[in-house]
Amino acid sequence: VFASDRCCFSDGGGAADKIRLIPQDFFAELCEQIIQHLNHKIPGINTAELCQRIQTSGVDINIGDLAKIANTLSFLFSTAARNNLSTEELITTLGSGVSTLPKHAVQVIRHVWNEQGKAIALSEDAGNMATVGQFVDMKWKLGVAMSSDTCRSLKYPYVTVTLTVADPSGQITDKSFEMTIPQFKNFFRQFKEMASVLETV
C-alpha cells in the first residue's frame, strides 16, 4: 500500500534526515496543518511562514525541503485515509518500510492520526479530490510610475494585485501582477459580471 511513501522517506531526497532536524513541536504543527487541510478546514499549508519560524529557532532547513516533507506527509495521510488504516496499521506500515524515520516523527504521526485520522477518513472522497488551486486572499495597491530612463515626467497609474492561492497539495503561494487602469477596469467588470451571475444561483 505504501511502497511510494517508503521511497519518499527512505531514499535520495533525505526527507528523513530533514525531518530529524525539525523540532517536535514544529513537526507536530506541520502535521496538524496537513490534517486540517485534508479535512478542508484550512485552504493550505503555509510552509513559507513555518519555514521562517523553524529557521529563526536555529534549524538549517529551506522552504523546498519543508515543502517536500509536507507533500510526503500529505500523501501519507491521504493514502492512509483512503485505505481506512487504523493508527496501529499506519505505524506498522511506517515501521516496516521506514527505519530511518526519527522516533519523534513517528510519535507525532501516531498521535495526530490517532486523534484526527478518522475525520479524514470520513471527509475524504478519493474520487473527489481537488485538482485545482484554492483562492486564499487578494491584496491590491494603486501606484504611479513617476519617471523612467527615457521619460522624465511619466505619471503613469497602475494597479498591483497579489493573489494568495493554495495549490492542490496545499502549498500556499503568492502570485503578483500589474495592470494598467484600462486592464483593471476590465478585471473589475468581469468580477461584477460574476457577482451578478452568482446572485441568480
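Residues numbered from 1 in each chain as written. Predicted model: local features only at pLDDT ≥ 70, side-chain atom pairs only at ≥ 80, totals over all residues. Heavy atoms only, no water.

As annotated in an unreviewed UniProt entry, the chain carries the name COMM domain-containing protein 6 and comes from Cyanoderma ruficeps. In its Function (unreviewed entry) section, the UniProt entry covering the chain states "Scaffold protein in the commander complex that is essential for endosomal recycling of transmembrane cargos; the commander complex is composed of the CCC subcomplex and the retriever subcomplex. May modulate activity of cullin-RING E3 ubiquitin ligase (CRL) complexes. Down-regulates activation of NF-kappa-B. Inhibits TNF-induced NFKB1 activation." (UniProt positions renumbered as here; feature names shortened; annotations may be inferred.)

J.: Would you take a moment to explain the sheet that holds strand β2 (residues 156–166) for this structure?
T.: The pairing of strands in a sheet happens through backbone hydrogen bonds and is either parallel or antiparallel. Spatially, the three strands line up as an open sheet ordered β1-β2-β3, and their pairing is antiparallel. Strand pairing shows two members of the sheet lacking a second neighbour, β1 (134–145) and β3 (172–180), which therefore form its edges. For this sheet, the mean angle separating the axes of adjacent strands, direction not counted, is 20 degrees. Sheet analysis places β1 next to β2, joined by eleven bridges and oriented antiparallel. If you follow F135 over to β2, its bridge partner there is V165. Each of β1, β2 and β3 is contacted by helix α8 (residues 181–200), which is oriented at about 120 degrees to β3, the strand it contacts most. (Pairing = 2+ DSSP bridges. Helix = DSSP H or I, 4+ residues; strand = E, 2+ residues; numbered from the N terminus. Axes fitted to C-alpha atoms, helices over the stretch in contact; angles between N-to-C directions. Contact = heavy atoms within 4.5 Å.)

J.: Just to check I follow, could you spell out the pattern of salt bridges for this structure?
T.: Opposite charge on two side chains permits pairing when their charged atoms draw close. Using the criterion set out here, one finds six salt bridges in the structure. The partner of E29 in a salt bridge is R53, with the nearest N and O atoms 2.6 Å apart. Here E29 is found in helix α3 (residues 24–38), whereas its partner R53 is found in helix α4 (residues 47–56), with 24 residues between them in sequence. When its relative accessible area of 26% is taken as the criterion, E29 is described as partly exposed. With a relative accessible area of 32%, R53 lands in the partly exposed category. Ionic pairing is found between E88 and R110, a salt bridge with its closest N-O pair at 2.6 Å. In this pair, E88 sits in helix α6 (residues 87–97) while R110 sits in helix α7 (residues 103–123), placing the two residues 22 residues apart along the sequence. You can call E88 partly exposed: its relative accessible area is 46%. What makes R110 partly exposed here is its relative accessible area of 33%. Taken together, the shared-partner salt bridges connect E29, E49 and R53 into one network. (Salt bridge = Lys/Arg side-chain N within 4 Å of Asp/Glu carboxyl O. Buried < 20%, exposed > 50% of the residue type's maximum accessible area, 1.4 Å probe, protein only.)

J.: Looking at this structure, I do not really get the packing of aromatic side chains. What am I missing?
T.: Two numbers describe a pair of aromatic rings. These are the distance of the centres and the angle of the planes. The full count for this structure, using the stated rule, is four aromatic pairs. The interplanar angle of 0 degrees and the centroid separation of 5.9 Å between the aromatic rings of F77 and W113 together place this pair among those described as stacked. Of this pair, F77 sits in helix α5 (residues 63–82) while W113 is found in helix α7, placing the two residues 36 residues apart along the sequence. Measuring from centroid to centroid gives 4.9 Å for F187 and F191, while their planes differ by 65 degrees, and the two rings are edge-to-face. Taken as a pair, F187 and F191 lie in helix α8 at a separation of four residues, close to a single helical turn. Overall, the relative accessible area of 40% leaves F191 in the partly exposed class. A connected cluster of aromatic rings, assembled from ring pairs, spans F177, F184, F187 and F191. (Phe/Tyr/Trp six-rings, centres within 6.5 Å; stacked < 30°, edge-to-face > 60°.)

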